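Each chain, letter by letter, is given below.
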Amino acid sequence: MKLSKVGRNSPCPCGSGKKYKKCCMNNTTDNINDIRDHLIPRKINIEYGKPLLDKKFFESNSIRELSAQRLVYSNLVSPDLEKFAYQISSKFIIRSKEQKILIGNASCAEDLMNLMNGKLDIINHVPFKEKALNYKDTFIPLLINELKIPKDDAFIELAIQIIRSSDIDLSKEIVQLIKNSLSNAYHISQFCVLLGFFPSVESEQLLWDYFHFFKENYPNEAYKDGPLLGLIEIKEQKKEKFLYRFQAKT
């Protein structure tokens, strides 16, 4: 399914009912150029057949050596590396100490969400995640609700790491965010990375469809890396389950 570029006077793909020039075209987030050019209509109907995750598929489709999706995936797979990097860097970087104190003093999920919406310094992501997870039962529902409205890239990437670290099965919520709420191709791509950690028939099909959709419509972008990494993670989890069952039998 090919997408045509959105005209200034066309209905906004976000589904608001307004003209594009009166809606998301004037979005003031940090990644404004991506949002203008790479909007995905809500509830878009894409179908690329039944997933065929064989050796040929993975050999024929590779991840870019350096992409934001790959970096997020690495953090999800090896969160201790980020924690180690924080322990080293915090000894030499002294900026945003006031923000770190605010994180430490936060006494509820609402306080933490206000800080997250206020643009956290990346140096404080590790202590923020640790504090947010202390309130995960109340913070995660707030976070899912916030993700239904436009956010900047940093917010999305941090949210994905918090959700993954929470050990809460949010597969249904993530699927709905991809299908119905998000309209930014980059954000959908990153949520596809996260969805790979919640394997199911529906997850696999959605990642398969979005991989081919991004590959067809944005061949020069790294958006397809998100669903491809999700599919790679599903493959790895299937392999681990097979080995576990094999070892249990023997």
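Details of the structure are given in the entry above.
Every value quoted in this text rests on a predicted model; they were computed, and no experiment measured them.

Novice: Looking at this structure, how should I read the side chain of Asn-124?
Specialist: Examined against the element boundaries, Asn-124 turns out to sit in the loop between helix H6 (109-117) and helix H7 (125-134). Not counting residues up to four positions away in its chain, the partners in contact with Asn-124 are Ser-96, Gln-99, Lys-100 and Ile-103.

Novice: So what exactly am I meant to see when it comes to the pattern of salt bridges here?
Specialist: Two side chains that carry opposite charge are able to pair once their charged atoms sit near each other. For the structure shown, the criterion picks out six salt bridges. A salt bridge links Glu-202 to Lys-179; the shortest N-O distance between them is 3.4 Å. Here Lys-179 lies in helix H10 (residues 171-181) and Glu-202 lies in helix H12 (residues 201-217), a separation of 23 residues in the sequence.

Novice: Would you mind going over the packing of helix H3 (residues 68-77) against helix H11 (residues 185-195) with me for this structure?
Specialist: Packed helices, taken two at a time, are described by their axes: the angle between them and the distance between them. The interhelical angle for the contact between H3 and H11, taken along N-to-C directions, is 30 degrees, at an axis separation of 10 Å. Between H3 and H11, the interaxial angle falls into the category roughly parallel. As H3 runs across H11, the sense of the crossing is right-handed. For the pair H3 and H11, the contacting residues are Ala-68, Gln-69, Val-72, Tyr-73 and Leu-76 in the first and Tyr-186, Ser-189, Gln-190, Val-193 and Leu-194 in the second. Residues of the contact of H3 with H11, tallied by class, amount to seven nonpolar, three polar and no charged.

Novice: So what exactly am I meant to see when it comes to the side chain of Ser-189 here?
Specialist: By the element assignment, Ser-189 lies in helix H11. Judged by its relative accessible area of 0%, Ser-189 falls in the buried class. Side-chain polar atoms of Ser-189 contact the backbone oxygen of Tyr-223, separated by 2.6 Å. Beyond its immediate sequence surroundings of up to four residues, Ser-189 is in contact with Gln-69, Phe-214, Ala-222, Tyr-223, Gly-226 and Pro-227.

Cut-offs applied
Residues numbered from 1 in each chain as written. Predicted model: local features only at pLDDT ≥ 70, side-chain atom pairs only at ≥ 80, totals over all residues. Heavy atoms only, no water. Helix = DSSP H or I, 4+ residues; strand = E, 2+ residues; numbered from the N terminus. Contact = heavy atoms within 4.5 Å. Salt bridge = Lys/Arg side-chain N within 4 Å of Asp/Glu carboxyl O. Axes fitted to C-alpha atoms, helices over the stretch in contact; angles between N-to-C directions. Parallel < 35°, antiparallel > 145°, perpendicular 65-115°, else oblique. Left-handed = near helix turned anticlockwise from the far one by under 90°. Nonpolar A, V, L, I, M, F, W, Y, C, P; charged D, E, K, R; others polar. Buried < 20%, exposed > 50% of the residue type's maximum accessible area, 1.4 Å probe, protein only. Polar contact = N/O pair within 3.5 Å; in protein donor to acceptor, adjacent residues only side chain to side chain.

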